[in-house]
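An overview of the molecular structure
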Amino acid sequence: MSDTILYEVKNSTAWITLNRPDKLNAFNKAMHSDLLKALQDAENDKTVRAIVLTGAGRAFSAGQDLSEVDNSIDYSELLRNRYNPIIHKMANIGKPIIAAVNGTAAGAGFSLALAADFRLVSEKASFLNAFIHIGLVPDSGNTYYLPRIVGHSKALELMVLGEKVVAEEALRLGLATKVISPENWKSEVSMFAGRLASMPTKAIALIKEGLLKSWDSTLGEVLEGEAHAQGLAGTTSDHMEGVQAFLEKRKPLFNGD
Ligand code: T3D
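Below: a short report on this structure. (Residues numbered from 1 in each chain as written. Predicted model: local features only at pLDDT ≥ 70, side-chain atom pairs only at ≥ 80, totals over all residues. Heavy atoms only, no water.)

Below, the discussion takes up the sheet that holds strand S4 (residues 59-61). Pairing is mixed in the open sheet, where 4 strands are placed in the order S4-S6-S8-S9. The two strands at the open ends of the sheet, each matched to only one other strand, are S4 and strand S9 (165-166). In this structure, strand S6 (residues 104-106) lies alongside strand S8 (residues 126-128), joined through 2 bridges in parallel fashion. Along S8, the bridge assignment pairs Ala 106 with Leu 128. Across the sheet, helix H3 (residues 108-115) touches S4, S6 and S8, and the angle it forms with S6 is around 100°. (Pairing = 2+ DSSP bridges. Helix = DSSP H or I, 4+ residues; strand = E, 2+ residues; numbered from the N terminus. Contact = heavy atoms within 4.5 Å. Axes fitted to C-alpha atoms, helices over the stretch in contact; angles between N-to-C directions.)

This is how it looks when you write it as C-alpha coordinates:
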(Lines give C-alpha, C1' and ligand atoms only; values in the text may rest on other atoms or scores of the structure.)
Protein backbone atom coordinates (compact mmCIF):
# COMPACT_ATOMS: atom_id res chain seq x y z
CA MET A 1 0.00 0.00 0.00
CA SER A 2 1.28 3.49 -0.92
CA ASP A 3 -0.22 6.82 -1.94
CA THR A 4 -0.27 5.96 -5.62
CA ILE A 5 -0.98 2.23 -5.50
CA LEU A 6 -3.51 0.27 -3.47
CA TYR A 7 -2.55 -3.35 -2.80
CA GLU A 8 -4.76 -6.05 -1.36
CA VAL A 9 -4.64 -9.85 -1.38
CA LYS A 10 -8.01 -11.61 -1.34
CA ASN A 11 -8.91 -15.18 -2.31
CA SER A 12 -5.41 -15.93 -3.68
CA THR A 13 -5.58 -12.82 -5.89
CA ALA A 14 -3.48 -9.66 -5.57
CA TRP A 15 -5.54 -6.58 -6.43
CA ILE A 16 -3.29 -3.73 -7.57
CA THR A 17 -5.12 -0.43 -8.07
CA LEU A 18 -3.56 2.60 -9.74
CA ASN A 19 -4.65 5.34 -7.40
CA ARG A 20 -4.38 8.90 -8.75
CA PRO A 21 -8.03 9.25 -9.82
CA ASP A 22 -8.02 13.06 -10.10
CA LYS A 23 -5.25 12.69 -12.74
CA LEU A 24 -6.95 9.71 -14.39
CA ASN A 25 -4.23 7.55 -12.82
CA ALA A 26 -1.48 9.16 -14.88
CA PHE A 27 2.01 7.96 -13.98
CA ASN A 28 4.25 10.14 -11.84
CA LYS A 29 7.64 9.03 -10.55
CA ALA A 30 6.28 7.54 -7.33
CA MET A 31 3.66 5.51 -9.15
CA HIS A 32 6.29 3.83 -11.34
CA SER A 33 8.28 2.55 -8.38
CA ASP A 34 5.18 1.76 -6.30
CA LEU A 35 3.68 -0.30 -9.12
CA LEU A 36 6.92 -2.20 -9.65
CA LYS A 37 7.08 -2.97 -5.92
CA ALA A 38 3.45 -4.15 -5.87
CA LEU A 39 4.16 -6.49 -8.80
CA GLN A 40 7.24 -7.83 -7.00
CA ASP A 41 5.21 -8.37 -3.82
CA ALA A 42 2.59 -10.30 -5.77
CA GLU A 43 5.30 -12.34 -7.46
CA ASN A 44 6.98 -13.25 -4.16
CA ASP A 45 3.81 -14.04 -2.22
CA LYS A 46 3.25 -17.79 -2.58
CA THR A 47 -0.42 -17.44 -1.64
CA VAL A 48 -1.02 -15.20 -4.70
CA ARG A 49 -1.99 -17.15 -7.83
CA ALA A 50 -3.54 -14.36 -9.94
CA ILE A 51 -3.03 -10.61 -10.22
CA VAL A 52 -5.63 -7.98 -11.08
CA LEU A 53 -4.41 -4.58 -12.23
CA THR A 54 -7.06 -1.85 -12.31
CA GLY A 55 -7.62 1.87 -11.86
CA ALA A 56 -9.36 3.94 -9.18
CA GLY A 57 -12.15 6.27 -10.30
CA ARG A 58 -13.29 6.61 -13.90
CA ALA A 59 -10.04 5.76 -15.75
CA PHE A 60 -7.67 2.83 -16.01
CA SER A 61 -4.67 5.11 -16.70
CA ALA A 62 -4.01 8.15 -18.90
CA GLY A 63 -0.31 7.22 -19.26
CA GLN A 64 2.51 9.58 -18.43
CA ASP A 65 1.61 12.52 -16.19
CA LEU A 66 2.08 15.31 -18.71
CA SER A 67 2.34 17.93 -15.98
CA GLU A 68 5.69 16.33 -15.05
CA VAL A 69 7.05 16.66 -18.58
CA ASP A 70 9.41 19.51 -19.47
CA ASN A 71 12.36 20.12 -21.78
CA SER A 72 14.83 18.70 -19.29
CA ILE A 73 13.31 15.20 -19.43
CA ASP A 74 15.35 12.55 -21.22
CA TYR A 75 12.54 10.35 -22.55
CA SER A 76 14.85 7.43 -23.38
CA GLU A 77 16.13 7.31 -19.81
CA LEU A 78 12.63 7.76 -18.41
CA LEU A 79 11.46 4.74 -20.36
CA ARG A 80 14.52 2.64 -19.55
CA ASN A 81 14.42 3.41 -15.85
CA ARG A 82 10.71 3.67 -15.10
CA TYR A 83 8.37 2.07 -17.63
CA ASN A 84 10.44 -0.75 -19.11
CA PRO A 85 11.14 -2.54 -15.79
CA ILE A 86 7.37 -2.70 -15.19
CA ILE A 87 6.69 -4.18 -18.63
CA HIS A 88 9.53 -6.71 -18.22
CA LYS A 89 8.26 -7.68 -14.78
CA MET A 90 4.72 -8.28 -16.10
CA ALA A 91 6.05 -10.55 -18.84
CA ASN A 92 8.21 -12.54 -16.44
CA ILE A 93 5.90 -13.01 -13.47
CA GLY A 94 4.87 -16.68 -13.47
CA LYS A 95 1.29 -15.82 -12.54
CA PRO A 96 -1.62 -14.69 -14.73
CA ILE A 97 -2.15 -10.91 -14.85
CA ILE A 98 -5.58 -9.50 -15.64
CA ALA A 99 -5.91 -5.87 -16.66
CA ALA A 100 -9.36 -4.93 -15.40
CA VAL A 101 -9.81 -1.94 -17.69
CA ASN A 102 -12.46 0.05 -15.84
CA GLY A 103 -12.22 3.21 -18.00
CA THR A 104 -9.92 5.02 -20.42
CA ALA A 105 -6.54 3.41 -21.06
CA ALA A 106 -4.45 6.01 -22.90
CA GLY A 107 -0.77 6.29 -23.87
CA ALA A 108 1.37 4.19 -21.54
CA GLY A 109 -1.87 3.23 -19.77
CA PHE A 110 -2.86 1.44 -22.99
CA SER A 111 0.59 -0.18 -23.11
CA LEU A 112 0.21 -1.40 -19.54
CA ALA A 113 -3.10 -3.07 -20.40
CA LEU A 114 -1.49 -4.68 -23.45
CA ALA A 115 1.28 -6.15 -21.29
CA ALA A 116 -1.28 -8.00 -19.14
CA ASP A 117 -2.25 -11.58 -20.03
CA PHE A 118 -5.98 -10.88 -20.11
CA ARG A 119 -8.00 -7.69 -20.58
CA LEU A 120 -11.44 -7.55 -18.97
CA VAL A 121 -13.01 -4.38 -20.30
CA SER A 122 -15.87 -2.37 -18.84
CA GLU A 123 -18.58 -1.25 -21.28
CA LYS A 124 -17.52 2.28 -20.25
CA ALA A 125 -13.83 1.76 -21.08
CA SER A 126 -11.83 2.68 -24.17
CA PHE A 127 -8.28 2.43 -25.49
CA LEU A 128 -6.39 5.34 -26.98
CA ASN A 129 -2.92 5.38 -28.48
CA ALA A 130 -2.59 9.02 -27.44
CA PHE A 131 1.15 9.34 -28.16
CA ILE A 132 0.72 10.67 -31.71
CA HIS A 133 -1.41 13.57 -30.46
CA ILE A 134 1.59 14.94 -28.58
CA GLY A 135 4.13 14.10 -31.29
CA LEU A 136 5.48 10.96 -29.58
CA VAL A 137 5.74 7.32 -30.59
CA PRO A 138 4.03 4.43 -28.77
CA ASP A 139 6.22 3.03 -25.99
CA SER A 140 6.25 0.69 -22.99
CA GLY A 141 5.89 -2.39 -25.19
CA ASN A 142 3.02 -1.01 -27.28
CA THR A 143 4.79 -1.66 -30.60
CA TYR A 144 5.57 -5.21 -29.40
CA TYR A 145 2.19 -6.31 -28.10
CA LEU A 146 -0.33 -4.36 -30.19
CA PRO A 147 0.58 -5.82 -33.64
CA ARG A 148 0.78 -9.28 -32.09
CA ILE A 149 -2.78 -8.89 -30.77
CA VAL A 150 -4.54 -7.02 -33.60
CA GLY A 151 -2.17 -7.49 -36.57
CA HIS A 152 0.33 -5.10 -38.18
CA SER A 153 -2.08 -3.10 -40.29
CA LYS A 154 -4.62 -2.36 -37.53
CA ALA A 155 -1.82 -1.60 -35.06
CA LEU A 156 -0.32 0.95 -37.43
CA GLU A 157 -3.74 2.51 -37.94
CA LEU A 158 -4.34 2.82 -34.19
CA MET A 159 -0.85 4.20 -33.61
CA VAL A 160 -0.87 6.75 -36.44
CA LEU A 161 -4.51 7.89 -36.39
CA GLY A 162 -4.76 7.76 -32.60
CA GLU A 163 -8.50 7.13 -32.64
CA LYS A 164 -10.39 5.87 -29.61
CA VAL A 165 -11.30 2.16 -29.53
CA VAL A 166 -14.48 1.56 -27.54
CA ALA A 167 -15.18 -1.65 -25.62
CA GLU A 168 -17.22 -3.53 -28.27
CA GLU A 169 -14.64 -2.71 -30.96
CA ALA A 170 -11.89 -3.88 -28.59
CA LEU A 171 -13.68 -7.21 -28.28
CA ARG A 172 -14.00 -7.52 -32.05
CA LEU A 173 -10.27 -6.77 -32.47
CA GLY A 174 -9.24 -9.36 -29.87
CA LEU A 175 -8.00 -6.61 -27.54
CA ALA A 176 -10.61 -7.49 -24.91
CA THR A 177 -10.99 -10.95 -23.42
CA LYS A 178 -14.48 -10.02 -22.34
CA VAL A 179 -16.66 -6.89 -22.07
CA ILE A 180 -18.48 -6.47 -18.76
CA SER A 181 -21.38 -4.21 -17.80
CA PRO A 182 -20.71 -1.68 -15.00
CA GLU A 183 -23.36 -3.37 -12.79
CA ASN A 184 -21.55 -6.71 -12.88
CA TRP A 185 -18.03 -5.27 -12.98
CA LYS A 186 -16.65 -6.21 -9.57
CA SER A 187 -18.33 -9.62 -9.36
CA GLU A 188 -17.31 -10.71 -12.87
CA VAL A 189 -13.71 -9.54 -12.47
CA SER A 190 -13.51 -11.34 -9.09
CA MET A 191 -15.00 -14.48 -10.60
CA PHE A 192 -12.56 -14.47 -13.52
CA ALA A 193 -9.60 -13.87 -11.19
CA GLY A 194 -10.84 -16.62 -8.87
CA ARG A 195 -11.06 -19.02 -11.78
CA LEU A 196 -7.44 -18.31 -12.78
CA ALA A 197 -6.27 -18.49 -9.16
CA SER A 198 -7.65 -22.01 -8.87
CA MET A 199 -5.88 -23.29 -11.99
CA PRO A 200 -2.49 -25.06 -12.24
CA THR A 201 -0.30 -22.00 -11.64
CA LYS A 202 2.98 -23.57 -12.72
CA ALA A 203 1.52 -24.66 -16.05
CA ILE A 204 0.26 -21.09 -16.59
CA ALA A 205 3.76 -19.76 -15.85
CA LEU A 206 5.25 -22.18 -18.39
CA ILE A 207 2.65 -21.19 -21.01
CA LYS A 208 3.48 -17.48 -20.53
CA GLU A 209 7.19 -18.17 -20.83
CA GLY A 210 6.84 -20.43 -23.87
CA LEU A 211 4.57 -18.04 -25.77
CA LEU A 212 6.87 -15.10 -25.16
CA LYS A 213 9.91 -17.04 -26.38
CA SER A 214 8.07 -18.40 -29.43
CA TRP A 215 8.01 -15.00 -31.15
CA ASP A 216 11.71 -15.09 -31.91
CA SER A 217 12.35 -18.82 -32.05
CA THR A 218 12.67 -21.36 -34.82
CA LEU A 219 10.30 -24.34 -34.99
CA GLY A 220 13.10 -26.52 -33.64
CA GLU A 221 13.66 -24.21 -30.68
CA VAL A 222 9.95 -24.11 -29.95
CA LEU A 223 9.65 -27.91 -30.07
CA GLU A 224 12.60 -28.24 -27.69
CA GLY A 225 11.12 -25.53 -25.44
CA GLU A 226 7.81 -27.38 -25.30
CA ALA A 227 9.57 -30.64 -24.46
CA HIS A 228 11.47 -28.91 -21.65
CA ALA A 229 8.35 -27.18 -20.30
CA GLN A 230 6.29 -30.37 -20.43
CA GLY A 231 9.02 -32.14 -18.49
CA LEU A 232 8.61 -29.55 -15.74
CA ALA A 233 4.79 -29.47 -15.86
CA GLY A 234 4.75 -33.26 -15.73
CA THR A 235 6.46 -33.24 -12.33
CA THR A 236 3.96 -30.90 -10.64
CA SER A 237 1.46 -32.13 -8.08
CA ASP A 238 -1.23 -30.27 -10.06
CA HIS A 239 -0.56 -32.59 -13.01
CA MET A 240 -0.96 -35.64 -10.75
CA GLU A 241 -4.15 -34.14 -9.31
CA GLY A 242 -5.51 -33.41 -12.81
CA VAL A 243 -5.00 -36.99 -13.95
CA GLN A 244 -6.33 -38.46 -10.70
CA ALA A 245 -9.43 -36.27 -10.82
CA PHE A 246 -10.07 -37.29 -14.41
CA LEU A 247 -9.84 -40.98 -13.54
CA GLU A 248 -12.07 -40.52 -10.51
CA LYS A 249 -14.57 -38.47 -12.57
CA ARG A 250 -14.44 -35.49 -10.18
CA LYS A 251 -13.39 -31.84 -10.40
CA PRO A 252 -9.66 -31.34 -9.82
CA LEU A 253 -8.50 -29.33 -6.83
CA PHE A 254 -5.28 -27.61 -7.95
CA ASN A 255 -3.01 -26.08 -5.31
CA GLY A 256 -0.57 -24.27 -7.61
CA ASP A 257 2.37 -26.64 -6.93
O1 T3D B 1 7.82 11.05 -20.49
C2 T3D B 1 7.29 10.83 -21.58
O3 T3D B 1 6.44 11.63 -22.03
C4 T3D B 1 7.61 9.57 -22.33
C5 T3D B 1 6.60 8.55 -22.00
C6 T3D B 1 5.35 8.67 -22.50
C7 T3D B 1 4.28 7.72 -22.14
C8 T3D B 1 2.90 8.30 -22.40
O9 T3D B 1 2.00 7.79 -21.81
S10 T3D B 1 2.70 9.58 -23.48
C11 T3D B 1 0.94 9.81 -23.52
C12 T3D B 1 0.46 10.58 -22.34
N13 T3D B 1 -0.98 10.56 -22.23
C14 T3D B 1 -1.76 11.31 -22.98
O15 T3D B 1 -1.35 12.03 -23.87
C16 T3D B 1 -3.24 11.30 -22.64
C17 T3D B 1 -3.70 12.66 -22.19
N18 T3D B 1 -5.07 12.63 -21.75
C19 T3D B 1 -6.10 12.62 -22.60
O20 T3D B 1 -5.96 12.58 -23.81
C21 T3D B 1 -7.47 12.65 -22.00
O22 T3D B 1 -7.38 13.15 -20.69
C23 T3D B 1 -8.15 11.29 -21.96
C24 T3D B 1 -8.54 10.86 -23.37
C25 T3D B 1 -7.27 10.22 -21.31
C26 T3D B 1 -9.46 11.39 -21.12
O27 T3D B 1 -10.23 12.49 -21.60
P28 T3D B 1 -11.43 13.04 -20.70
O29 T3D B 1 -12.12 14.09 -21.50
O30 T3D B 1 -12.24 11.89 -20.22
O31 T3D B 1 -10.75 13.68 -19.38
P32 T3D B 1 -9.96 15.06 -19.29
O33 T3D B 1 -10.90 16.13 -18.93
O34 T3D B 1 -9.10 15.25 -20.46
O35 T3D B 1 -8.99 14.75 -18.02
C36 T3D B 1 -9.47 14.80 -16.67
C37 T3D B 1 -8.37 15.33 -15.79
O38 T3D B 1 -7.24 14.47 -15.84
C39 T3D B 1 -7.88 16.71 -16.28
O40 T3D B 1 -7.48 17.44 -15.15
P41 T3D B 1 -8.39 18.65 -14.59
O42 T3D B 1 -8.58 19.61 -15.74
O43 T3D B 1 -9.68 18.02 -14.17
O44 T3D B 1 -7.59 19.21 -13.45
C45 T3D B 1 -6.66 16.33 -17.10
O46 T3D B 1 -5.74 17.37 -17.22
C47 T3D B 1 -6.09 15.19 -16.27
N48 T3D B 1 -5.25 14.31 -17.11
C49 T3D B 1 -5.67 13.46 -18.05
N50 T3D B 1 -4.63 12.86 -18.60
C51 T3D B 1 -3.53 13.34 -17.99
C52 T3D B 1 -3.93 14.27 -17.03
N53 T3D B 1 -3.06 14.94 -16.27
C54 T3D B 1 -1.74 14.66 -16.47
N55 T3D B 1 -1.28 13.76 -17.38
C56 T3D B 1 -2.14 13.09 -18.15
N57 T3D B 1 -1.68 12.17 -19.03
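As a matter of local geometry, the ligand sits amid 23 residues, with Arg 58, Ala 62, Gln 64, Leu 66 and Ala 108 nearest to it. Note that a nitrogen atom of the ligand is positioned 2.9 Å from one of the backbone N or O atoms of Ala 62. Ala 108 places a main-chain nitrogen or oxygen 2.8 Å from an oxygen atom of the ligand. Here the ligand loses 64% of its free accessible area of 1000 Å² to cover by the protein chains. Sorting the residues of the shell around the ligand by element identifies helix H2 (75-92) and S6 as the ones contributing at least two each. Grouping the constituent residues of the shell around the ligand by class yields 14 nonpolar, 4 polar and 5 charged. (Near = heavy atom within 4 Å. Polar contact = N/O pair within 3.5 Å; in protein donor to acceptor, adjacent residues only side chain to side chain. Areas by Shrake-Rupley, 256 points an atom, 1.4 Å probe, with all protein chains shown as cover. Nonpolar A, V, L, I, M, F, W, Y, C, P; charged D, E, K, R; others polar.)

Moving on, we get to helix H7 (residues 185-197). Relative to the 18 Å expected for 13 residues at 1.5 Å per residue, H7 spans 18 Å between its end C-alpha atoms, a close match to the ideal helical length. Of all the positions in H7, only Trp 185, Val 189, Phe 192, Ala 193, Leu 196 and Ala 197 are classed as buried. Taken around the axis of H7, the buried residues stretch over an arc of 140°, which confines them to a single face. Facing away from the buried surface of H7 by more than 90 degrees, the exposed residues are Met 191 and Arg 195. If you follow the buried residues of H7, they end up packed against strand S2 (13-18), strand S3 (50-55), strand S5 (97-101), strand S7 (118-122), strand S10 (178-180) and helix H8 (201-214). (Expected span 1.5 Å × (residues − 1). Buried < 20%, exposed > 50% of the residue type's maximum accessible area, 1.4 Å probe, protein only. Arc of directions from axis to C-beta.)

The subject of this paragraph is the pairing of S2. Summarising burial for S2: 6 of the 6 residues are buried, a large majority. Residues Thr 13, Trp 15 and Thr 17 of S2 are buried on one face, and the alternating residues Ala 14, Ile 16 and Leu 18, pointing to the opposite face, are buried as well. The sheet contact formed by strand S1 (residues 5-10) and S2 spans 6 bridges and is antiparallel. Its bridge partner lying in S2, Tyr 7 is registered against Ile 16. Between the end of S1 and the start of S2, which pair antiparallel, lie 2 residues, with Asn 11 showing a positive phi angle near 50°. In this sheet, S3 lies alongside S2 in parallel orientation, the contact comprising 6 bridges. Bridge pairing in S3 links Trp 15 to Val 52. In this region the chain leaves S2, passes through helix H1 (residues 29-44) and returns to the parallel neighbour S3; the handedness of that crossover is right-handed. (Right-handed = clockwise from strand over helix to strand, strands pointing away.)

Further remarks concern the sheet that holds S10. Read across the sheet, 6 strands follow the order S1-S2-S3-S5-S7-S10 without closing on themselves; strand pairing throughout is mixed. Across the chains shown, the open sheet's two edge strands, defined by having one partner strand only, are S1 and S10. With strand direction ignored, the average angle separating the axes of adjacent strands in the sheet is 20°. Note: S5 against S7, 4 bridges, orientation parallel. Directly across from Ala 100, in S7, lies its bridge partner Leu 120.

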